[in-house]
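A structural walkthrough
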Amino acid sequence: MGDARPLRLCGIRGATTVEHNTREAIVAAARELLEALIARNGIVSAHVASALFTTTADLDAEFPAVAAREIGWDNVALMCGHEMRVPGSLERCLRVLVHLNTDREQSEMQHIYLRGAKALRPDVSGDNDAQE
């Protein structure tokens, strides 16, 4: 029993860009991002405490959280919001912050940045090339 690592809440970040402001494009981009986060981090839905989705103001055709429900995150607290309008910021950007109950360290969480959002975090985007 003494060998068990303590349970903690860790955050995993992800972002992508969306081709068009349509329901289909937003849900597809959110689903692609979530599936990449799940695969890279070995996420089990029962361990997901919550997920906060944000989009730039130019994405308003659908809630990105729809994708989370579609992949089975039925008992996960979800929230969607718009980001601040900052001059020169990335357009049609969708971000997520997943809160995961885990025995792993925060430093073990692998963040995912896809498509045009790779420019936001080039330091962690190098391994995401196959996700284009």
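Whatever comes next refers back to the structure up there.
For the structure given in this document, a descriptive report is provided here.

Reading the values: rules and limits
Residues numbered from 1 in each chain as written. Predicted model: local features only at pLDDT ≥ 70, side-chain atom pairs only at ≥ 80, totals over all residues. Heavy atoms only, no water. Core = buried A, V, L, I, M, F, W, Y, C linked by side-chain atoms within 4.5 Å. Buried < 20%, exposed > 50% of the residue type's maximum accessible area, 1.4 Å probe, protein only. Helix = DSSP H or I, 4+ residues; strand = E, 2+ residues; numbered from the N terminus. Contact = heavy atoms within 4.5 Å. Pairing = 2+ DSSP bridges. Right-handed = clockwise from strand over helix to strand, strands pointing away. Salt bridge = Lys/Arg side-chain N within 4 Å of Asp/Glu carboxyl O. Polar contact = N/O pair within 3.5 Å; in protein donor to acceptor, adjacent residues only side chain to side chain. Axes fitted to C-alpha atoms, helices over the stretch in contact; angles between N-to-C directions. Disulfide = S-S within 2.5 Å. Expected span 1.5 Å × (residues − 1).

Below, the discussion takes up the nonpolar core. With 30 residues, the main nonpolar core has Leu-37, Phe-53, Trp-73 and Val-98 as its most contacted residues. Counting only elements with at least two residues in this core, the list comes to strand 1 (8–17), helix 1 (23–41), strand 2 (48–55), helix 2 (65–70) and strand 4 (93–102). Sorting elements by how many residues they give to this core places helix 1 first, with nine residues. In this structure Leu-37 touches Ile-12, Arg-13, Gly-14, Gly-42, Ile-43, Val-96, Val-98, Gln-110 and Ile-112, once residues within four positions along its chain are discounted.

Attention now moves to the pairing of strand 3 (residues 77–82). Bridge analysis of strand 2 against strand 3 gives six bridges, and the strand direction is parallel. Looking across to strand 3, one finds that Phe-53 is bridged to Cys-80. For the segment spanning strand 2, helix 2 and strand 3, crossover handedness is right-handed.

This paragraph deals with the pattern of salt bridges. One pass over the full model with this rule turns up eight salt bridges. Put simply, Glu-32 and Arg-115 hold a salt bridge, and the shortest N to O gap is 3.1 Å. Note that Glu-32 is positioned in helix 1 and Arg-115 in the loop between strand 5 (112–113) and helix 3 (122–125), a separation of 83 residues in sequence. Residue Arg-115 is classed as partly exposed on the basis of its relative accessible area of 33%.

Secondary-structure assignment places Thr-17 in strand 1. From its side chain, Thr-17 meets the backbone nitrogen of Gly-116 in a polar contact 3.0 Å long. When residues no more than four places from it in sequence are discounted, the contact partners of Thr-17 are Ala-29, Leu-90, Glu-91, Arg-92, Cys-93, Leu-114, Arg-115, Gly-116 and Ala-117.

Across the sheet, which stays open at both edges, the five strands sit in the order 3-2-4-1-5 with mixed pairing between neighbours. Across the chains shown, the open sheet's two edge strands, defined by having one partner strand only, are strand 3 and strand 5. Packed on one face of the sheet, helix 1 meets strand 1, strand 2, strand 4 and strand 5 and runs near 135° to strand 1.

To continue, consider the side chain of Glu-62. Topologically, Glu-62 is positioned in the loop between strand 2 and helix 2. Of note is the side chain of Glu-62, whose polar atom sits 3.0 Å from the side chain of Arg-23.

Taken across its ten residues, strand 4 has seven buried, putting it largely inside the fold. The pairing of strand 1 with strand 4 spans ten bridges and is classified as antiparallel. By the bridge assignment for strand 4, Ile-12 is matched with Val-98. As paired elements, strand 2 and strand 4 share seven bridges and run antiparallel to each other. Counterpart to Ala-51 in the pairing with strand 4 is Val-98.

Time to look at the state of the cysteines. According to the stated counting rule, one finds zero disulfides in the structure shown. Summary of cysteine pairing: Cys-80 is not part of a disulfide, and the nearest cysteine sulfur, belonging to Cys-93, is at 14 Å.

Taking 1.5 Å of rise per residue, 19 residues should cover 27 Å, and helix 1 covers 27 Å from first to last C-alpha, within 8% of that figure. For helix 1, the full list of buried residues reads Ala-25, Ile-26, Val-27, Ala-29, Ala-30, Glu-32, Leu-33, Leu-34, Ala-36, Leu-37 and Asn-41. Those residues of helix 1 that are buried are in contact with strand 1, strand 2, helix 2, strand 4 and strand 5. Positive backbone phi, at 60°, marks Gly-42, one or two positions downstream of helix 1.

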